[in-house]
Amino acid sequence: MKLFLPCLLFLFTAALTYGAEKKPNILFIIVDDQSPLDLKIYRPESRAHTPNIDRLAKEGMTFDGAYQMGSFSGAVCTPSRHMVMCGRTVWHLPNAPKSKETCPPEVIDNVMAAVFNRAGYDTMRTCKKGNSYAGANEQFTVVHDATKRGGTAETGSAWHGERVLDYLKEREASKDEDPFLIYFGFSHPHDTRDGTPELLSKYGATNHMDKSVLPVEHEKQPALPGNWLPGHPFHHGHPGLRDEVSVSGVWENRDPGTIRNELGREYACNEYIDQQIGKVLAKLEAMGELDNTYIFYTSDHGMAIGRHGLQGKQNLYEHTWRVPFVVKGPGIEAGSRAQGNTYLLDVLATMCDLAGEEIPATSEGKSFKPVLMGEKETVRDVLYGVYNGGTKPGMRSVRKGDWKLIKYDVLDGEVRETQLFNLAENPGEYLEQHQDPAVTALTGVKPETHQVNLATDPKYAEKLAEMESLLLSEMRRLNDPWRLWNQPDDGLTPPAKRKQKKKNAKKPKESKKV
């Protein structure tokens, strides 16, 4: 009996120690081309039915200020996904225009999978193929990548879900107790947005393929966005941009029927994604792993789909620059919200911090664990954005507090525009064109007279100057290789210009009376 009691105490202590030291699992969910404004957690009047994403928000933290830093390519997802994987700022990525000068070669040894493989995690990923960081993707121990944008279980989002469920079943069968990192990516709701027949019907949408006719409006379709326009007020600066002229079912059309149908397709894809997330959550719960798992939900960037007369992801309005972002897991207050002021490039540092692993020196991201734990509201005061994938220098934005500046310097100086918004008073970034009675009759939204671009208002000249100075400071700090027309050139030699493709190189439709 005297020997038995010490042994029992030892085993009990060992069990407690093991439990205390057990590493958390990580499930990182990322969708393709989703505006935060699709979701009820950001826009309660949204018709999108996503109960599992809603559940993550109810049980975790929702970020109101999560962003992707931007792109030097029309394929915005490519630098975005590089930033997720390596934690570097946009001009310091391994595929950036001057990467030989700004990115150390050892980055590839410190990408997400490499870091967590070394930490003893089992790593697995499923996602779309292409427009990503191939060298980082292949380092996951288990990889099931394929582009699935169809409307069936085999051709759509269920395929990605099944790969994760199969992986979890294998772990369960083999009694694998190693912590896991699962990168759970989807190919949707990126176009072509072929939804399942049932969900398309639910949202009054069709997989429209006839370019010669316009889709018919249906009462079940989502309403026009409040900041919809029939065309952008000036050229966005990327002639022939695929997302603005060639998306199947939309093409160059911005009429209400086309936009509402495309939003219905988007919502159908979103709900199908949500269903797969629900199955994975249920499996984790059945395995007893859910409570020890940090779950991230986000997108690689937002999307316009008719907002401001645009269709794609190549702009810096909030609907596209921001991303949905929710995190649930141990220590995170249920139903909490935070501004955050985070970038997707902060994900790697935060994962390491949550797992108790050293953040690699090559990462430039900031851990937002203090935000998740309720210790801070934000991780930075200033946010910088860029779109440089069309004519140069392109678009730039900067945000501090409620104030946001967007600059356009495109088409060899033909378009040079400035926009200044107070997002507290004008969160939809309404422009003068949004007050056109013909527009308000279709959207049902009549902005207040002060909800406009304030850049030319003399009352805000001082604030404009402050934001212009702040933008230049951020461009310098982040090694932006370009300067805008009203900035000092700083003696920079911009990257060599790539020849623009002439195919479809016509100007988009600009805003007009409707």
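Residues numbered from 1 in each chain as written. Predicted model: local features only at pLDDT ≥ 70, side-chain atom pairs only at ≥ 80, totals over all residues. Heavy atoms only, no water.

Enquirer: What am I meant to see in empty space enclosed by the protein here?
Expert: Take a probe with the size of a water molecule and roll it over the atoms, and the empty space left behind shows itself. Under the definition given, this model contains 2 cavities of 30 Å³ or more. For the second largest cavity, the calculated volume is near 40 Å³. What lines the second largest cavity is simply H232, H236, E244, L310, Q314, N315, M395 and Y408. Its residues placed into classes, the lining of the second largest cavity shows 3 nonpolar, 4 polar and 1 charged. (1 Å grid on protein atoms, 1.4 Å probe; cavity = no way out; pocket = protein on both sides within 12 Å on 5 of 7 lines; lining within 4 Å. Points joined across faces, edges and corners; volume = space filled by probe spheres on them. Nonpolar A, V, L, I, M, F, W, Y, C, P; charged D, E, K, R; others polar.)

Enquirer: Help me understand the pattern of salt bridges in this model?
Expert: If charged atoms from side chains of opposite charge come close, those side chains can pair. On inspection of all chains with the given rule, the structure shows 40 salt bridges. With a closest N to O distance of 3.1 Å, R55 and E59 form a salt bridge. One end of the pair is R55 and the other is E59, both in helix α2 (residues 51–59) and 4 residues apart, which spans about a single turn. Judged by its relative accessible area of 23%, R55 is partly exposed. The partly exposed category is assigned to E59, whose relative accessible area is 29%. A salt bridge links E262 to R193, with the shortest nitrogen-to-oxygen separation between them at 2.7 Å. Of this pair, E262 sits in helix α10 (residues 256–287) while R193 sits in the loop between β7 (180–189) and α8 (197–202); the two residues are 69 residues apart in sequence, bridging distant segments of the chain. Since its relative accessible area comes to 0%, R193 is described here as buried. (Salt bridge = Lys/Arg side-chain N within 4 Å of Asp/Glu carboxyl O. Helix = DSSP H or I, 4+ residues; strand = E, 2+ residues; numbered from the N terminus. Buried < 20%, exposed > 50% of the residue type's maximum accessible area, 1.4 Å probe, protein only.)

Enquirer: Just checking my understanding: could you explain unusual backbone geometry for this structure?
Expert: Most of the time, phi is negative for any residue but glycine, and the peptide bond is trans. Omega for the peptide link from H188 to P189 comes to 5°, which places this bond in the cis form. Position of P189 among the secondary structure elements: in strand β7. At the junction of D191 and T192, the peptide bond is cis and its omega measures out at 5° in the coordinates. The phi torsion at N131 lies on the positive side, around 50°, for a residue other than glycine. Mapping N131 onto the fold places it in the loop between β5 (122–127) and α6 (134–137). Assessed through its relative accessible area of 42%, N131 is described here as partly exposed. Notably, I305 is not glycine yet its phi reads approximately 45°, a positive angle. Mapped onto the secondary structure, I305 falls in the loop between β8 (293–299) and α11 (318–321). In this structure I305 comes out as buried when scored by relative accessible area, which is 1%.

Enquirer: For this particular structure, what's the right way to read the packing of aromatic side chains?
Expert: Any aromatic ring pair is given by two values, namely how distant the centres are and how the planes are angled relative to each other. Within the structure shown, the criterion is met by 14 aromatic pairs. Taking 5.4 Å as the distance between ring centres and 40° as the angle between the ring planes, the aromatic pair formed by F28 and Y183 counts as tilted. In this pair, F28 is assigned in strand β1 (residues 25–32) and Y183 in strand β7, connecting sequence segments 155 residues apart. For the pair F28 and Y183, one class covers both residues: buried. Taken together, a centroid distance of 6.0 Å and an interplanar angle of 55° make the contact between F28 and F296 tilted. In this pair, F28 sits in strand β1 while F296 sits in strand β8, placing the two residues 268 residues apart along the sequence. Judged by its relative accessible area of 0%, F28 is buried. Pairwise contacts between aromatic rings join F28, F63, F140, Y183, F296, F325 and F368 into one cluster. Note that R163 overlies the ring of W159, its terminal NZ or CZ placed 4.9 Å from the centroid. (Phe/Tyr/Trp six-rings, centres within 6.5 Å; stacked < 30°, edge-to-face > 60°. Lys NZ or Arg CZ within 6 Å of the ring centre and 35° of its normal.)

Enquirer: Help me understand the packing of α2 against α10 in this model?
Expert: The description of two packed helices rests on the angle between their axes and on the distance between the axes. Contact geometry of α2 with α10 gives a least axis separation of 7 Å together with a crossing angle of 55°. Comparing their axes, α10 and α2 come out oblique. Mapping the contact onto sequence places P51, N52, I53, R55 and L56 in α2 and D274, Q275, I277, G278, L281 and E285 in α10. When its residues are assigned to classes, the contact of α2 with α10 shows 5 nonpolar, 3 polar and 3 charged. (Axes fitted to C-alpha atoms, helices over the stretch in contact; angles between N-to-C directions. Parallel < 35°, antiparallel > 145°, perpendicular 65-115°, else oblique. Contact = heavy atoms within 4.5 Å.)

Enquirer: Which parts of the structure should I look at to understand the nonpolar core?
Expert: Soluble globular proteins tend to pack their nonpolar side chains together in the buried interior. In terms of nonpolar packing, the biggest core is built from 125 residues, with M112, F116, F296, F325 and Y384 touching the most fellow members. When residues in this core are grouped by element, the largest group, 8 residues, is from α10. Of all hydrophobic cores here, the second largest spans 9 residues; its members include A48, A158, A268 and Y272. (Core = buried A, V, L, I, M, F, W, Y, C linked by side-chain atoms within 4.5 Å.)

Enquirer: Looking at this structure, how should I read the sheet that holds strand β4 (residues 70–71)?
Expert: In a beta sheet, neighbouring strands pair by backbone hydrogen bonds and run either parallel or antiparallel. In spatial order, the strands read β4-β12-β13-β14-β15; together these 5 strands make up an open sheet with mixed pairing. Strands with a single pairing partner mark the edges of an open sheet, and in this sheet they are β4 and β15 (415–422). Sheet topology note: the strand β12 (residues 382–387)/strand β13 (residues 394–400) ladder contains 6 bridges and is antiparallel. Across the sheet, the residue bridging to G385 is S397, located in β13. Across the face of the sheet, helix α15 (residues 461–477) comes into contact with β12, β13, β14 (403–410) and β15 while running at roughly 110° to β13. (Pairing = 2+ DSSP bridges.)

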